Amino acid sequence: MCRCRLFHALLLSACTILHAASGFAGEGDPAPAICPWTDEPPQINGRVDESAWRQSHPVTGTALRLLWDRDSLYFCLLYT
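One structure accompanies this document, and this report is about it.

The tally for this structure, following the rule as stated, stands at two salt bridges. Among the salt bridges present, the one from D49 reaches R47, with a minimum N-O distance of 2.6 Å. Since its relative accessible area comes to 41%, D49 is described here as partly exposed. Relative accessible area serves as the criterion here: at 49%, R47 is assigned to the partly exposed category. R70 is paired through a salt bridge with D71; the nearest N and O atoms lie 3.8 Å apart.

With that settled, the discussion passes to the side chain of T38. Along the chain, T38 falls in the loop between α1 (3-22) and α2 (51-54). Residue classification places T38 among the buried positions, given a relative accessible area of 3%. In terms of polar contacts, T38 uses its side chain to reach the backbone carbonyl oxygen of E40, at 2.8 Å. Not counting chain neighbours up to four residues away, the residues in contact with T38 comprise A52, Q55, L67, W68 and D69.

Among the nonpolar cores identified, the biggest contains five residues, and these are A52, W53, L67, Y74 and C76. Counting only elements with at least two residues in this core, the list comes to α2 and β2 (73-77). Not counting residues up to four positions away in its chain, the partners in contact with Y74 are P41, P42, I44, W53, R65, L66, L67, W68 and D69.

For the structure shown, the criterion picks out one aromatic pair. Each ring, one from W37 and one from W68, has its centre 4.7 Å from the other, and the planes form 80 degrees; the classification is edge-to-face. Of the two residues, W37 sits in the loop between α1 and α2 while W68 sits in strand β1 (residues 64-68), which places them 31 residues apart along the sequence.

Looking at the element boundaries, E50 is found in the loop between α1 and α2. When neighbours within four sequence positions are excluded, E50 is seen to be in contact with P42, Q43 and N45.

Looking now at the pairing of β1. Most of β1 sits inside the fold, with four of its five residues counted as buried. With five bridges connecting them, β1 and β2 associate as antiparallel partners. For W68, the partnering residue across the bridge sits in β2 and is L73.

Let us look at the environment of W68. Residue class for W68 comes out partly exposed when judged on its relative accessible area of 38%. Taking the C-alpha atoms as reference points, W68 and A52, 16 residues apart in sequence, are found 9.9 Å from one another. With sequence-adjacent residues up to four places away left out, W68 is seen in contact with C35, P36, W37, T38, L73 and Y74.

Conventions and cut-offs
Residues numbered from 1 in each chain as written. Predicted model: local features only at pLDDT ≥ 70, side-chain atom pairs only at ≥ 80, totals over all residues. Heavy atoms only, no water. Salt bridge = Lys/Arg side-chain N within 4 Å of Asp/Glu carboxyl O. Buried < 20%, exposed > 50% of the residue type's maximum accessible area, 1.4 Å probe, protein only. Helix = DSSP H or I, 4+ residues; strand = E, 2+ residues; numbered from the N terminus. Polar contact = N/O pair within 3.5 Å; in protein donor to acceptor, adjacent residues only side chain to side chain. Contact = heavy atoms within 4.5 Å. Core = buried A, V, L, I, M, F, W, Y, C linked by side-chain atoms within 4.5 Å. Phe/Tyr/Trp six-rings, centres within 6.5 Å; stacked < 30°, edge-to-face > 60°. Pairing = 2+ DSSP bridges.

Dropping the structure here:
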């Protein structure tokens, strides 16, 4: 798949998750999602104990965390 198409597919997936999650946050407008920049991309290994993930904060009302760098948008959904 073309890198541009892959990026758009991932961005659409992240937006869909955020939109769905905002419906569970309660009444009123959903809080904005904060997606911090990272100089150190996280390893894609299923673990979120790296320094890159520690600088991210869960999206309000969800267990979703977001990061981005020059090449990628990263998101993880924590299951408890």
